[in-house]
Amino acid sequence: MDSFDVVTLGAPGAGTTMFLAAMFGQLQGGQPGNGPFLDITLAQARMLQRILAAASDPQGGWPDTTPPSPVPEWEFTCCVRSAGRIFEVFGINYLDFAGGRLQQVLDGDAETGRRFQQRVTSAHALLGVLDGLALRYLLDDDPRAERLVSLGMRTIFRIMRTHAGGRPIHFIVTKWDLLADAYELGDVRAKLMEFGDFAALVQSARSGPPGAPAPLVRLIPVSALGFGFAQLDEEGRVRKTGAAAASPINAEIPLIALPIDVLAQAPQAQAAQAQAPQAAQAAQGQAPQAAQGHGPAGVVDQRSALRETVRSFRRQLDRFEERYPAALPDRQSAGDWSPPEAR
Ligand SMILES: Nc1nc2c(ncn2[C@@H]2O[C@H](COP(=O)(O)OP(=O)(O)OP(=O)(O)O)[C@@H](O)[C@H]2O)c(=O)[nH]1
Ligand SMILES: [Mg+2]
């Protein structure tokens, strides 16, 4: 079984842990019909469920800050159920490089820095966690932005730009519920393009080979809580309103996009395209003819389970991309892009 390693990079309090808990919640049993679902060890499942249950309880608290050590590694297995059997399709491991840890790296802790670099270099993809609250302040021209933006965005963009190396780079915009009443994803994208390192990342993705199968950079708005569940108080703290039930938004999309982008970018996938159209089609999420109309019932082995999973994920991703055209910054028309101001 293939496994994909993802390093998450986010500032303290950006929303990494709540996002991971909501993502697991959405993909554990929330997939339609016999769709692919996520599994994880019982101990890790219990931790994530506890975090989400407390956060979603109008009376409950927020999760504790993730301690810098040891770095939590969440090891998910994506599975498909068919004809009474469960097929393990691939593993996805998220290394939650929490804000506290990132600070240690920046403060020059050599050992942490070395390990950090190793993990970032060997990961299949990088996930930048952008604090939606910081972006809200930034878009509002609120001076509170500056404190949050420095570690949260400048540093992450710099690390991503240095280490990208042709791998998928996904950015999630957390706390989307605190932004979406006033801004669209296109506004966020335009603001991010003012950061030289972000714009350079997008630009380098855009200058990739023509017809490249997948974008390098994605921008994904997520909320672990959904609209109306929480709001900002006067001091800028997130408070539960007690007026709505938690209902995560797009929390499954970063995981769904991951195998699609990694598989599509793997050199083998492109070589396979020439020799074995079916394998290439699976990586692209298109239905090979023989499998059309079979749904999960067509799943008889690990290979067909992979094909079915990629098809299902591709369909969900297509719907998401239709709703949020700005989610693919490198696919925006060139005329839409203006050179970044130096920040
Ligand atoms: N409104 C809103 N608030 C959120 C959301 N996700 C997180 N928060 C708020 O942000 C706080 C931090 O979220 P965490 O997931 O713990 O952040 P983290 O990035 O894991 O933080 P560290 O572990 O300290 O690095 C939470 O306590 C909530 O108050 C969201 O989707 N919507
Ligand atoms: Mg955390």
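What counts, and where the lines are drawn
Residues numbered from 1 in each chain as written. Chains lettered and ligands numbered in written order. Predicted model: local features only at pLDDT ≥ 70, side-chain atom pairs only at ≥ 80, totals over all residues. Helix = DSSP H or I, 4+ residues; strand = E, 2+ residues; numbered from the N terminus. Buried ≥ 20, exposed ≤ 12 C-beta atoms within 10 Å, placed from the backbone. Contact = placed C-beta atoms within 7 Å. Pairing = 2+ DSSP bridges. Axes fitted to C-alpha atoms, helices over the stretch in contact; angles between N-to-C directions. pLDDT = per-residue confidence, 0-100. Near = placed C-beta within 6 Å. Nonpolar A, V, L, I, M, F, W, Y, C, P; charged D, E, K, R; others polar. Parallel < 35°, antiparallel > 145°, perpendicular 65-115°, else oblique. Left-handed = near helix turned anticlockwise from the far one by under 90°. Core = buried A, V, L, I, M, F, W, Y, C linked by C-beta atoms within 7 Å. Expected span 1.5 Å × (residues − 1). Arc of directions from axis to C-beta.

A. Structural detail: the overall build of the protein chain. Counting secondary structure elements, the protein chain contains 12 helices and nine strands. For the protein chain, the residues scored as buried account for 43% of the 343 residues in total. Of all intrachain contacts in the protein chain linking residues separated by at least 6 positions in sequence, the fraction that spans at least 24 positions is 75%.

B. Seen up close, the pairing of strand 4 (residues 85-97). As paired strands, strand 1 (residues 2-10) and strand 4 are joined by eight bridges and run parallel to one another. Paired with Asp5 across the bridge in strand 4 is Asn93. The hairpin turn running from strand 3 (residues 73-82) into strand 4, its antiparallel successor, is two residues long, and Ala83 in that turn takes a positive phi close to 45 degrees.

C. Summary view of the sheet that holds strand 3. Pairing is mixed across the open sheet formed by seven strands, whose spatial order is 2-3-4-1-5-6-7. The sheet is open, and its two borders are formed by strand 2 (37-39) and strand 7 (217-221), each paired with just one other strand. Adjacent strand axes in the sheet meet at a mean angle of 30 degrees, parallel and antiparallel pairs treated alike. Sheet strands touched by helix 12 (residues 302-323): strand 3 and strand 4. Its angle to strand 4, the strand with the most contacts, is close to 60 degrees.

D. Broad picture of the confidence of the model for the protein chain. With 82% of its residues at a pLDDT of at least 70, the protein chain reaches an overall mean of 83. The model gives residues 285-295 a pLDDT under 50, and that stretch makes 14 contacts with residues more than four places away or in other chains.

E. The site of ligand 1, seen in detail. Surveying the vicinity of ligand 1 reveals 23 residues, the closest of which are Thr17, Met18, Trp62, Thr65 and Thr66. Ranked by residues supplied to the shell around ligand 1, first place goes to helix 1 (residues 16-28) with three residues. Taken together, the residues that form the shell around ligand 1 break down as 11 nonpolar, 10 polar and two charged.

F. Up close: the packing of helix 5 (residues 132-140) against helix 7 (residues 185-192). For the pair helix 5 and helix 7, interaxial distance at closest approach is 11 Å and the crossing angle is 80 degrees. Relative to helix 7, helix 5 is oriented roughly perpendicular. From helix 5, Leu135, Leu138 and Leu139 reach across to helix 7, where they touch Asp187, Val188 and Lys191. When the residues that make up the contact of helix 5 with helix 7 are grouped by side-chain class, the tally is four nonpolar, no polar and two charged.

G. Spotlight on the packing of helix 6 (residues 145-163) against helix 8 (residues 196-206). One way to put it is that helix 6 packs onto helix 8 with a least axis distance of 8 Å and a crossing angle of 35 degrees. Here helix 6 and helix 8 pass one another in a crossing that is left-handed. Only Asp197, Phe198, Ala200 and Leu201 of helix 8 make contact with helix 6, whose side of the interface consists of Phe157, Arg158, Met160 and Arg161. Broken down by class, the residue content of the contact of helix 6 with helix 8 amounts to five nonpolar, no polar and three charged.

H. Examining the nonpolar core more closely. One finds Phe19 and Val173 to be the most contacted residues of the largest nonpolar core, which totals 97 residues. Considering every element that reaches this core, the biggest residue donor is helix 9 (residues 253-265), with nine residues. Ignoring any residue separated from it by four or fewer positions in sequence, one finds Phe19 in contact with Val129, Ile172, Thr174, Val222, Ala224 and Ala251.

I. Region of interest: the environment of Ile220. Tracing the sequence through the fold places Ile220 in strand 7. A tally of 23 C-beta atoms within 10 Å means that Ile220 is categorised as buried. Taking the C-alpha atoms as reference, Ile220 lies 9.2 Å from Phe320; in sequence the two are 100 residues apart. For Ile220, the contacting residues outside a window of four places in its chain are His170, Phe171, Ile172, Val173, Asn250, Ile253, Pro254 and Ala327.

J. Here's a closer look at helix 2 (residues 42-56). Relative to the 21 Å expected for 15 residues at 1.5 Å per residue, helix 2 spans 20 Å between its end C-alpha atoms, a close match to the ideal helical length. Taken residue by residue, helix 2 has Leu48, Ile51, Leu52, Ala55 and Ser56 as its buried positions. For helix 2, the arc enclosing every buried residue in end-on projection is 120 degrees, short of the 170-degree limit, so these residues lie on one face. Summarising the geometry of helix 2, the exposed residues directed more than 90 degrees from the buried face are Leu42, Ala43 and Arg46. Its buried side turned inward, helix 2 meets helix 1.

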